[in-house]
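A closer look at the structure
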Number of protein chains: 2
Amino acid sequence: MHRQTSGIFLLFALFLLPLSGEGASVERWNRYEIRLKGPQAGNPFDDVVLKGAFCREGDTDTIYVTGFYDGNGEYALRFMPGETGAWRYRTISNASALNGKTGVFVCTGATGNNHGPVTVRDTYDFKYADGTPYYPFGTTVYALIHQDEALESRTFETLAAAPFNKIRMCVFPKNYAYNKNEPRFYPFEKGTGNAAEAGNETAVWNFARFDPEFFRHLEACIDRLEALGIQCDLILFHPYDKGRWGFDRMTRENDLRYLRYVVARLSSFRNVWWSMANEYDYMREKTPADWEAFLQTVAAEDPYGHLRSVHNGDRYFDHTHPLVTHASLQNASILSDFGRAGLMRDVYAKPIVMDEFCYEGNFPERWGDLSAEEMTHRCWQGALTGAYLTHGETFLSDDDVVWWSKGGVLKGESPARIAFLRDFVEKHGSMHIIDNWRNLNTAVTESGAIVVYFGKEAPKEWEVNLPAKTRLADGTKLKIDLVDTWNMTTVPVAGDFTAKGQTRYVIGEAAGRKVKLPGRPYMALVVTPESK
Amino acid sequence: MHRQTSGIFLLFALFLLPLSGEGASVERWNRYEIRLKGPQAGNPFDDVVLKGAFCREGDTDTIYVTGFYDGNGEYALRFMPGETGAWRYRTISNASALNGKTGVFVCTGATGNNHGPVTVRDTYDFKYADGTPYYPFGTTVYALIHQDEALESRTFETLAAAPFNKIRMCVFPKNYAYNKNEPRFYPFEKGTGNAAEAGNETAVWNFARFDPEFFRHLEACIDRLEALGIQCDLILFHPYDKGRWGFDRMTRENDLRYLRYVVARLSSFRNVWWSMANEYDYMREKTPADWEAFLQTVAAEDPYGHLRSVHNGDRYFDHTHPLVTHASLQNASILSDFGRAGLMRDVYAKPIVMDEFCYEGNFPERWGDLSAEEMTHRCWQGALTGAYLTHGETFLSDDDVVWWSKGGVLKGESPARIAFLRDFVEKHGSMHIIDNWRNLNTAVTESGAIVVYFGKEAPKEWEVNLPAKTRLADGTKLKIDLVDTWNMTTVPVAGDFTAKGQTRYVIGEAAGRKVKLPGRPYMALVVTPESK
């Protein structure tokens, strides 16, 4: 939407400026921010239009970015350059103080852990912009930004030591079981109405005026996540308000103003993903037309095309929608069985992210009562089908600090196993079920290994039985490792194993050799074909 | 597309005719055919446009129907009236002999087993146009119309005694294992080219000229199916030609001419469904744009909106497509496990028809090697999720007459069980898994019964464990019947059973009474709530 080859005049104007000069430099995919003084009268959030036109020397494209009012008469334009080189910009505004400002800067190469924003790779997977594969292993702290400073710090300390490289968190505060505290900041200014007049305890907000303090805090959190290598799957709407603040039932006009403001502030943050909602279908006030408008607005306002999804409660969103980049799913039973989640991959032909499949914990509610074994098992079941998994933790606590909602510390035993699985996937690449007719426990990895996962079965031996679709030639030597997914060990299986076709569908072991197994659950075999 | 409120002049013209007169009468949803003599010169299939405008007295809508050339200088217009009353028509043609013909007829009420065409009911199910529920239990005889007369007659005799009320069959002949015979008729005239010139053994067809004989035979078969109460899920394209006749690799122009001709001839047949293809993704010559054009063409040419689907091989079609009325799926493993097919219902929010999930038989190919027990089991697994099932049978035979392709006689043991299942569904209504988080073996029926299916498990007793989502009040008396899905028996379970909530998710039996079970597989319990 914003990348246009028109505007030839503007282009010329940009490059008539001298290139050398006062321009700062910015690293590729970092944030270049331009701050300007402008009008404070009226409602600058609504009244002032500010755009920036950015063009790299030698390119014919201009990238248009929307600026925003940051309070106290200050305006900002943020830009995430996707290419190195010399860049120029010019501002466009209906406020003369903000119009026609120009500048130059140099974009230098990315360094360290900066691989750029995440995008879709090969239909089902993800990569960073520089091509490095990215395998999401998420967690959930819905109201991370709405806790006091001490708790928030503890959460970041925990994340620094945890295996998670994606987090789901909400912009708006949460009003739900185990989570009733008032937030530190509110996204809107208090209005001039009063709660009593409104007929309930809802405070009356001025939805046309944002509180920049709220957003600066949100941004600081997103930057802290980035520093930890964590993608921020930012939830733009959610139903856990129930009218308390009313952020779940604003008018369409207010919803869209809010989205435009959020995207103007945050699209230059490279680790942002747009989750239009958590459990969108539980937001009874919203219609399909609303979700369409939200997707369209976010896609139109974001010049970088950050990942977009709509997470469901009971009823799946239509993830075939062209503006949905990946399926963000909730399903409580899909990972409890061999191969089931593979159906979602087949149906949507997009990356599948199981963003909710119950949490490890001891809640009386079944969505929060998984054992660590079950959580770990579900993660392996999902990973075998090529789905990506999002952890959450729900242990009852005297202080009501539950990781899933507020953060704090992790108490469960699954995170260590998820770290082990993440290492496995980062070593072998993503997996998928190679023959979805039968052998639903057998996947192949990007590296070409074959993974047989036994789940809750606890066999004492395994007769080699690989799908013919692995195309192992007769005589191929097979290196076999035994992976204990619970105890996090990998040991080679002793013995020589050689592939031999048995039927048109099955490849077995040439001499009928079987693999000894320990008779415990949660075992996997990794079969690596070696040269004949 | 064809139902228009414009054309006011035409409407007036129609009703200026006297209503009384020579008009014949036709039963609602039957076929009213107008036959006209017209030009034979040139290529009447391409050169002559013939439309009929039909209007019912008192209506403002006009329904436009496309006529077709039937050979020997004869043209026909066929119309299926959807409402009783007095109808008038006027023809429109670029051939003066066919233009401006008018007539009147009376549409009388439907009688007997005429319930009209089938349409979607309540998102997931089907009904006839008169509102009567329709539960498809299909079978597969792909090349039914391409066998000799004796075999074809035997097929219809078998169908008359079989439990199937839908059949999947192809327009084009089939060139595939166990099915290499030349067809009785060809849809196109032989061309003037010769096979040798074409560089292979393919006969050279004149794709611009149809053979009406072929279509009259097809139509007779569809009418014979209708007389047996069988919906014809007519497969318009398929990949099992492999260039032998070349019907799988015509040009877009020829494909669309063919579709328009088929729809002009057949849309007035009330039992027709349009299956755009079998295994569309195996037709390597076709592109996504082709399937889009096919769906658009069929939808535009069919004034009645018959059901439309696109059946897959490995890769699902996008069944969220607005012109796809139901998901016609192939999946070899989705019915082998509890609740799995329910995912398709959740994803597509359309009726799910499992049109291929392997066949009962003894083929060496695994798609044709199911035992009768497995076929029956899969049908129950599917039915519990609200999916509809299509049978097929593949027993090796010295004469190469295999039901799945050529028809003949049924040899398997599943059809009797499918009859039993059909009776069950027609009595209780369709089912769906009531709590798709757990209890994936437990469905509720439209009639309000709860069905617990044990599949391959063979328990000796069952501790009452019903999902709280059944909302059975404490104290509700439960009538329980034991259904042996394999032996086709239903017997009441002795004893008094009373519902009592146990946890927030589970309803048990008030006195802890258990249900005795025979310790054999394939058992189901039907739990019917009675008043307190």
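Here's what I pulled together on the structure shown here. (Residues numbered from 1 in each chain as written. Chains lettered and ligands numbered in written order. Predicted model: local features only at pLDDT ≥ 70, side-chain atom pairs only at ≥ 80, totals over all residues. Heavy atoms only, no water.)

Turning our eyes to something else, we now look at the pattern of salt bridges. Applying the stated rule across the entire model yields 84 salt bridges over all chains. R184(A) serves as the salt-bridge partner of E152(A), at 2.7 Å between the closest nitrogen and oxygen. Of the two residues, E152(A) sits in helix α3 (residues 149-161) while R184(A) sits in the loop between β14 (166-170) and β15 (188-190), which places them 32 residues apart along the sequence. Overall, the relative accessible area of 5% leaves E152(A) in the buried class. The class for R184(A) is partly exposed, based on a relative accessible area of 28%. When the shortest N-O distance is used, the salt bridge between R366(A) and D435(B) registers 2.8 Å. On the criterion of chain membership, the pair formed by R366(A) in the loop between β22 (360-361) and α8 (372-384) and D435(B) in the loop between β25 (431-433) and β26 (442-445) is interchain, its members lying in two chains. Owing to a relative accessible area of 6%, R366(A) belongs among the buried residues under this scheme. (Salt bridge = Lys/Arg side-chain N within 4 Å of Asp/Glu carboxyl O. Helix = DSSP H or I, 4+ residues; strand = E, 2+ residues; numbered from the N terminus. Buried < 20%, exposed > 50% of the residue type's maximum accessible area, 1.4 Å probe, protein only.)

Listed per partner, the contact involves 31 residues of chain B and 31 residues of chain A. Carbon and sulfur atoms supply 54% of the area buried between chain B and chain A, which totals about 3000 Å² over both sides. On the chain B side of the contact with chain A, R340(B), R366(B) and W437(B) bury the most area, a combined 29% of that side's loss. With a shortest N-O distance of 3.2 Å, R438(A) and D369(B) are connected by a salt bridge. Joining chain B to chain A, the criterion identifies 15 residue pairs in polar contact (both at pLDDT 80 or more). In terms of residues, the side of chain B that touches chain A owes the most to one element, helix α8 (residues 342-348) of chain B, which gives 5 residues. (Contact = heavy atoms within 4.5 Å. Buried area = accessible area lost by both parts, 1.4 Å probe. Polar contact = N/O pair within 3.5 Å; in protein donor to acceptor, adjacent residues only side chain to side chain.)

Turning our attention to the sheet that holds strand β6 (residues 68-69) of chain A. All names here are of chain A. Taken together, 3 strands build an open sheet; the order of strands is β3-β7-β6 and the sheet is antiparallel. This sheet does not close on itself; its edge strands, each paired only once, are β3 (32-37) and β6. Here β6 runs beside strand β7 (residues 74-79); their pairing, made up of 2 bridges, is antiparallel. In the sheet register, F68 faces β7, and the bridge partner there is A76. (Pairing = 2+ DSSP bridges.)

On to the pairing of strand β20 (residues 327-330) of chain B. Residue and element names in this part refer to chain B. Side chains A327 and L329 project from β20 onto one buried face, and the interleaved S328 and Q330 project onto a second face that is buried too. The sheet contact formed by β20 and strand β21 (residues 352-356) spans 4 bridges and is parallel. Its bridge partner being in β21, L329 is matched across the sheet by M354. Taken together, β20, α8 and β21 form a β-α-β motif whose crossover is right-handed. (Right-handed = clockwise from strand over helix to strand, strands pointing away.)

With that settled, consider the packing of helix α4 (residues 212-227) of chain A against helix α5 (residues 252-266) of chain A. Residues and elements named next belong to chain A. As a packed pair, α4 and α5 sit with axes 11 Å apart at the nearest point and diverge in direction by 45 degrees. Of the possible angle classes, the one that applies to α4 and α5 is oblique. Note on packing geometry: the crossing formed by α4 with α5 is right-handed. Where α4 approaches α5, its residues P212, F215, R216, L218, E219 and I222 are matched on the opposing element by Y261, V262, R265 and L266. (Axes fitted to C-alpha atoms, helices over the stretch in contact; angles between N-to-C directions. Parallel < 35°, antiparallel > 145°, perpendicular 65-115°, else oblique. Left-handed = near helix turned anticlockwise from the far one by under 90°.)

All names here are of chain A. One open sheet accounts for 8 strands, arranged β19-β18-β17-β14-β13-β23-β21-β20; its pairing is parallel. Each edge of the open sheet is held by one strand with a lone partner, namely β19 (308-309) and β20 (327-330). Here strand β13 (residues 137-140) pairs with β14 via 3 bridges, running parallel. Of the residues in β14, the one forming a bridge with G138 is K166.

Our focus in this paragraph is the nonpolar core. Judged by nonpolar contacts, the single largest core of 128 residues is most densely connected at M344(A), Y348(A), M354(A), M344(B), Y348(B) and M354(B). Those residues within four positions of Y348(A) in sequence are excluded, and the remaining contacts are Y316(A), F317(A), H319(A), T320(A), A327(A), L329(A) and V347(B). (Core = buried A, V, L, I, M, F, W, Y, C linked by side-chain atoms within 4.5 Å.)

All names here are of chain A. The end-to-end C-alpha distance of α5 is 21 Å, a good match for the 21 Å that 15 residues give at a rise of 1.5 Å each. Burial runs high along α5: 12 of the 15 residues are buried. Among all positions in α5, only N254, D255, L256, R257, Y258, L259, Y261, V262, V263, A264, R265 and L266 are buried. (Expected span 1.5 Å × (residues − 1).)

As a further point, take the packing of aromatic side chains. Tallying each qualifying case throughout the model produces 116 aromatic pairs over all chains. Taking 4.5 Å as the distance between ring centres and 25 degrees as the angle between the ring planes, the aromatic pair formed by F172(A) and Y258(A) counts as stacked. One end of the pair, F172(A), is in the loop between β14 and β15; the other, Y258(A), is in helix α5, and 86 residues separate them in sequence. Y258(A) carries the same exposure label as F172(A), and that label is buried. Their ring planes at 55 degrees and their centres at 6.4 Å tell us that F188(A) and Y258(A) sit as a pair that is tilted. Taken together, the positions of F188(A) in strand β15 and Y258(A) in helix α5 put the pair 70 residues apart, joining distant regions of the chain. Residue classification places F188(A) among the buried positions, given a relative accessible area of 2%. Judged by relative accessible area, Y258(A) falls into the buried class, the value being 0%. Lying over the aromatic face of Y240(B), K174(B) brings its terminal NZ or CZ to 5.5 Å of the ring centre. The ring of Y186(B) carries the charged tip of K190(B) above its face, separated from the ring centre by 5.3 Å. (Phe/Tyr/Trp six-rings, centres within 6.5 Å; stacked < 30°, edge-to-face > 60°. Lys NZ or Arg CZ within 6 Å of the ring centre and 35° of its normal.)

Residues and elements named next belong to chain B. Most of strand β35 (residues 523-529) is tucked away: 5 of the 7 residues are buried. Examined bridge by bridge, strand β27 (residues 450-453) and β35 share 4 bridges and lie antiparallel to one another. Bridging from a neighbouring strand, I450 pairs with V527 of β35. Here strand β30 (residues 477-484) pairs with β35 via 7 bridges, running antiparallel. Paired with D481 across the two strands is V526, which belongs to β35.

This part covers the relation of the copies chain B and chain A. Expressed as a screw operation, the relation of chain B to chain A combines 0.0 Å of axial shift with a rotation of 180 degrees, fitting to an RMSD of 0.0 Å. Here the two chains are linked by the operation of a two-fold rotation axis. The rotation axis passes nearest to the C-alpha of R340(B) in chain B, at a distance of 3.4 Å. When you check the interface residues of chain B against chain A, 100% turn up at the interface there too, and the contact is symmetric in its surfaces. (Least-squares fit on C-alpha atoms with pLDDT ≥ 70 in both.)

Residue and element names in this part refer to chain B. With 15 residues, helix α10 (residues 414-428) ought to run about 21 Å at 1.5 Å a step, and its terminal C-alpha atoms sit 21 Å apart, in line with that. Of the positions making up α10, those classed as buried are S414, P415, R417, I418, F420, L421, F424, V425 and H428. Remark: G429 follows α10 within two positions and exhibits a positive phi of approximately 90 degrees.

Residue and element names in this part refer to chain B. The interhelical angle for the contact between helix α9 (residues 372-384) and α10, taken along N-to-C directions, is 20 degrees, at an axis separation of 9 Å. Here α9 lies roughly parallel to α10, going by the angle between them. Our pair here, α9 against α10, has a crossing hand that is right-handed. Taking contact as the criterion, the partners of A372, M375, T376, C379, W380 and A383 in α9 are, on α10, S414, R417, I418, F420, L421 and F424.

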